[in-house]
Protein chains: 2
Amino acid sequence: MIQQIDHIGIAVKSLDATVPYYRDALGLGEPHIEEVPTQKVRVAMFDVAGVHIELLEPTSPESAIAKAIEKKGEGIHHIAFKTNDIAGNISQAKDAGLIVLNDPPVPGAHNTQVTFLHPKCTFGVLTEFCQHPGGCGCGH
Amino acid sequence: MIQQIDHIGIAVKSLDATVPYYRDALGLGEPHIEEVPTQKVRVAMFDVAGVHIELLEPTSPESAIAKAIEKKGEGIHHIAFKTNDIAGNISQAKDAGLIVLNDPPVPGAHNTQVTFLHPKCTFGVLTEFCQHPGGCGCGH
Ligand SMILES: [Co+2]
Ligand SMILES: [Co+2]
């Protein structure tokens, strides 16, 4: 079951260039920085009352984020929903005829398990399900 | 000061076509439907643990949403931050050299006052500040 919006993923060319906008001009505070080798990105996470803004900088031209920037420029890349039952969401999505990109789920940032729904079937919105370790959905 | 993410605005051609995906395939429940004549949109709002997914259907070809769909297709359109001091956020944004599209703010859905930052200065992310009536930020 979906519990909350976990994060909004934003494709950026450079964390160094964009972090000051979110930190200072919006006043969102210091981000947590993490590298996610499986997705070939470096991530800056801002905690906004429990929902994260994740700035995603590609670490390789092979990264999906690098390709997205090449195709569409920088900008909002995906929405992630926090679930306590990613297997249930995957089967619900398949029953609805959606294309599930990772089944079984793959490792995301912060030791999560994640999967994506293809935007072709979700009216243009790349949609992620994200389950935190322990499945308690508490975010830790 | 920014208090939380208020909503994620998603440009859609048709609420009738997209509401079932969010309501049933994602299981987000019944949306609140509202027309916002000042922005020439009909909006379906899903409450996801206090953060709203807003599906925006243009009611006129002159709507900014109609133009966004024409240019880029359906998809995520903007992020809105809830603030209790929209005037303060506007002056902070101007101090940072950002382009504020509505100063003073204009009426949004749910009797809010809203303004937008031009995506040219925010690394491709159309960004909204949104203040609820009373300014208490409680969302009512
Ligand atoms: Co993500
Ligand atoms: Co909005």
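As a reminder, the structure under discussion sits directly above these lines.
Here is a short report on the structure shown in this document. (Residues numbered from 1 in each chain as written. Chains lettered and ligands numbered in written order. Predicted model: local features only at pLDDT ≥ 70, side-chain atom pairs only at ≥ 80, totals over all residues. Heavy atoms only, no water.)

Description of the overall build of chain A
Broken down by element type, chain A carries three helices and eight strands. Each helix and strand of chain A, placed in order from N terminus to C terminus, yields the pattern β-α-β-β-β-α-β-α-β-β-β. For 140 residues, the compact-globule estimate of 2.2 N^0.38 gives 14 Å, and chain A sits close to it at 15 Å. Along the longest, intermediate and shortest principal axes, the C-alpha atoms of chain A span 45 × 35 × 25 Å. Residues counted as buried form 52% of the 140 residues belonging to chain A. (Helix = DSSP H or I, 4+ residues; strand = E, 2+ residues; numbered from the N terminus. Rg over C-alpha atoms; globule rule 2.2 N^0.38 Å. Buried < 20%, exposed > 50% of the residue type's maximum accessible area, 1.4 Å probe, protein only.)

Let's talk about the environment of A:H132
All names here are of chain A. For H132, the position within the fold is in the segment after β8 (127-131). With 24 residues separating them in the primary sequence, H132 and G108 have C-alpha atoms 9.4 Å apart. In terms of polar contacts, H132 uses its side chain to reach the side chain of D6, at 2.7 Å. (Polar contact = N/O pair within 3.5 Å; in protein donor to acceptor, adjacent residues only side chain to side chain.)

Digging into the coordination of the cobalt ion (ligand 2)
All names here are of chain B. Looking at the cobalt ion (ligand 2), one finds its protein donor set to be H7 (NE2), H78 (NE2) and E128 (OE), positioned 2.0 to 2.1 Å from the metal centre. Between consecutive donors of the cobalt ion (ligand 2), the numbers of intervening residues give the motif H-x70-H-x49-E. With H7 in strand β1 (residues 2-11) and H78 in strand β5 (residues 75-83), this residue pair connects regions lying 71 residues apart in the sequence. Taking the relative accessible area as the measure of exposure, H78 reaches 5% and is therefore buried. (Donors = N, O, S within 2.8 Å, 3.2 Å for Na, K, Ca; no water.)

So, the pattern of salt bridges
Scanning the entire structure with this criterion turns up 10 salt bridges over all chains. Its salt-bridge partner being A:R42, residue A:E57 comes within 3.0 Å of it at the nearest N-O pair. Taken together, the residues span a long stretch of sequence, with A:E57 in strand β4 (residues 51-58) and A:R42 in strand β3 (residues 41-48) at a distance of 15 residues. Taking relative accessible area as the criterion, A:E57 reaches 13% and is therefore assigned buried. Judged by relative accessible area, A:R42 falls into the partly exposed class, the value being 25%. Across the pair B:R23 and B:E30 runs a salt bridge whose closest N-O atoms are separated by 3.8 Å. (Salt bridge = Lys/Arg side-chain N within 4 Å of Asp/Glu carboxyl O.)

Considerations on the coordination of the cobalt ion (ligand 1)
Each donor-metal-donor angle would ideally measure 109.5 degrees in four-coordinate tetrahedral geometry, or 90 or 180 degrees in six-coordinate octahedral geometry. Residue and element names in this part refer to chain A. For the cobalt ion (ligand 1), the full set of protein donor atoms is H7 (NE2), H78 (NE2) and E128 (OE), and the range of their distances to it is 2.0 to 2.1 Å. Taken in chain order, the donor set of the cobalt ion (ligand 1) reads H-x70-H-x49-E. Of the two residues, H78 is situated in strand β5 (residues 75-83) and E128 in strand β8; the sequence distance between them amounts to 50 residues. We note that H78, like E128, is buried.

Things to note about the interface of chain A and chain B
Across the contact, 35 residues belong to chain A and 35 residues belong to chain B. Where chain A abuts chain B, roughly 2,900 Å² becomes buried across the two surfaces, and 78% of that area is made up of carbon and sulfur atoms. Considering only the side of chain A, the residues that lose the most area to chain B are A:Y21, A:I76 and A:F123, jointly responsible for 23% of the buried surface there. Across the contact surface, chain A and chain B share zero salt bridges. Where chain A touches chain B, the interface holds four residue pairs in polar contact (both at pLDDT 80 or more). Those elements that provide at least two residues to the side of chain A that touches chain B are β1 (2-11), α1 (15-25), β4, β5 and β8 of chain A. For the side of chain A that touches chain B, the residue count by class is 23 nonpolar, 10 polar and two charged. (Contact = heavy atoms within 4.5 Å. Buried area = accessible area lost by both parts, 1.4 Å probe. Nonpolar A, V, L, I, M, F, W, Y, C, P; charged D, E, K, R; others polar.)

A word on the environment of B:N111
All names here are of chain B. The residue N111 is located in the loop between β6 (106-107) and β7 (113-117) in this model. Overall, the relative accessible area of 66% leaves N111 in the exposed class. Spatially, the C-alpha atoms of N111 and Q131 are 9.0 Å apart, while their sequence positions differ by 20 residues.

Observations regarding unusual backbone geometry
Residue and element names in this part refer to chain A. Cis geometry marks the peptide bond from D103 to P104; its omega dihedral reads 5°. Examined against the element boundaries, P104 turns out to sit in the loop between α3 (86-95) and β6 (106-107). With phi around 50°, A49 is a residue other than glycine that occupies positive phi space. Looking at the element boundaries, A49 is found in the loop between β3 and β4. For A49, a relative accessible area of 58% translates into the label exposed.

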